Amino acid sequence: MLKMEHLRKTYGTFSLDCTMEIRPGCVTGLVGQNGSGKSTTFKAALGLISTEGGTVRVLGKTPQEFNVKDRQELGVVLADSGFSGYLTIKDIVPILEKLYDKFDRAFFLEQARRFRLPEDKKFKEFSTGMKAKLKVIAAVSHNARLLILDEPTTGLDVVARDEVLELLREFMEKEEERAILISSHISSDLETLCDDLYMIHEGKIILHEDTDVLLSDYALLKVSEKQYADLEKQYILRYKKEAFGYSCLTNQVQFYRENYPALAIEKGTVDEVIMMMIKGAA
């Protein structure tokens, strides 16, 4: 569905070099700190910015080969884009009908009501959360094959985030060959939605793992200095000095449970894995 190989872009001291693949039937998450390269990756994949090397293919084509009809196969939400502030939902409907041959007017309006979006209110008067909801609804309302969503849940409260994630799950359930690439700084969203996760730091992919594997096999070992000295370290990905000794990130938690039953072991969350991959020593 989407494949990048060493896609490169430089802004001053920032350098992106990204390799990743989004497969049919999968929801793939891209996680990382602000400024790590998530938005640059999305814009480069869509051909919205020039690149300095590498390759990207979206639905089998380069962004330069895309025509108007090809772009209808994509549903896109970018963090710094949106509708004109003077438009209402009633104004947006005929625009979307002209842009997308498969735009589903009834579905779009049904979802707007579901998310309690006023049809006659101007977009500029929407709250941040309402704007986020409308952009996602528009992206899923024209039978796209691939969604590219940059921080789509920003500004939403817990209930609204859950509603949007449910909408994305429903989108995937309708067609087996659909796919989603999504970024979010709220890791719990990605843990429940994504099949696999890429972690990006300073423009480089530092980890790619199936979400189920990450949540089941990754863990933090909390060890004293003596325990650390005696520890078999071949399955330690990162370690960090702490007041009590060391925190160690492993992707083989069962090995340590079986061979070091006295160790304190904490289940790894996406946030903890990100922090250890970035802050920990190899």
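Since the structure is predicted, the reported quantities are computational estimates derived from the model, not experimental observations.

Caption draft 1: Layout of the environment of alanine 112. Residue position: alanine 112 is located in helix H4 (residues 105-114). Sequence separation between alanine 112 and lysine 133 is 21 residues; the distance between their C-alpha atoms is 8.4 Å. What alanine 112 contacts, discounting residues up to four positions off in sequence, is Ile89, Leu117 and Ile137.

Caption draft 2: The layout of surface pockets, seen in detail. Roughly 590 Å³ of volume is contained in the largest pocket. Around the largest pocket, the lining is made up of 22 residues, and of these Leu74, Gly75, Val76, Leu99 and Tyr100 lie nearest the centre. Secondary structure elements with two or more residues in the lining of the largest pocket: helix H2 (68-71), strand S5 (74-77), helix H3 (89-99) and helix H5 (128-139). No other element matches the four residues that S5 contributes to the lining of the largest pocket. Lining the second largest pocket are 13 residues, and of these Ala79, Ala132, Lys135, Glu151 and Thr154 lie nearest its centre. If you tally residues by element for the lining of the second largest pocket, the top one is H5, at four residues. Looking at side-chain class alone, the lining of the second largest pocket contains five nonpolar, four polar and four charged residues.

Caption draft 3: Seen up close, the nonpolar core. Within the largest apolar cluster, 53 residues are counted, with the highest numbers of intra-cluster contacts made by Phe108, Leu147, Leu168, Ile180, Ile182 and Met199. Excluding anything up to four places from it in sequence, methionine 199 contacts Val31, Lys204, Ile205, Ile206, Leu207, Leu214, Val270, Val273, Ile274 and Met277. Grouped together as the second largest cluster of nonpolar side chains are 27 residues, Ile22, Leu30, Leu46 and Leu59 included.

Caption draft 4: Region of interest: H3. Regarding H3, the residues found buried are Ile89, Ile92, Val93 and Leu96. Projected down its long axis, H3 carries its buried residues within an arc of 110°, all on one side. As for H3, its buried residues are in contact with H4 and H5.

Caption draft 5: Highlighting unusual backbone geometry. Notably, asparagine 143 is not glycine yet its phi reads approximately 60°, a positive angle. Of note, asparagine 143 is situated in the loop between H5 and strand S6 (146-150). You will see that glutamate 202, though not glycine, has its phi angle at about 50°, which is positive. Tracing the backbone shows glutamate 202 in the loop between strand S8 (196-201) and strand S9 (204-210). For glutamate 202, a relative accessible area of 55% corresponds to the exposed category.

Conventions used here
Residues numbered from 1 in each chain as written. Predicted model: local features only at pLDDT ≥ 70, side-chain atom pairs only at ≥ 80, totals over all residues. Heavy atoms only, no water. Helix = DSSP H or I, 4+ residues; strand = E, 2+ residues; numbered from the N terminus. Contact = heavy atoms within 4.5 Å. 1 Å grid on protein atoms, 1.4 Å probe; cavity = no way out; pocket = protein on both sides within 12 Å on 5 of 7 lines; lining within 4 Å. Points joined across faces, edges and corners; volume = space filled by probe spheres on them. Nonpolar A, V, L, I, M, F, W, Y, C, P; charged D, E, K, R; others polar. Core = buried A, V, L, I, M, F, W, Y, C linked by side-chain atoms within 4.5 Å. Buried < 20%, exposed > 50% of the residue type's maximum accessible area, 1.4 Å probe, protein only. Arc of directions from axis to C-beta.

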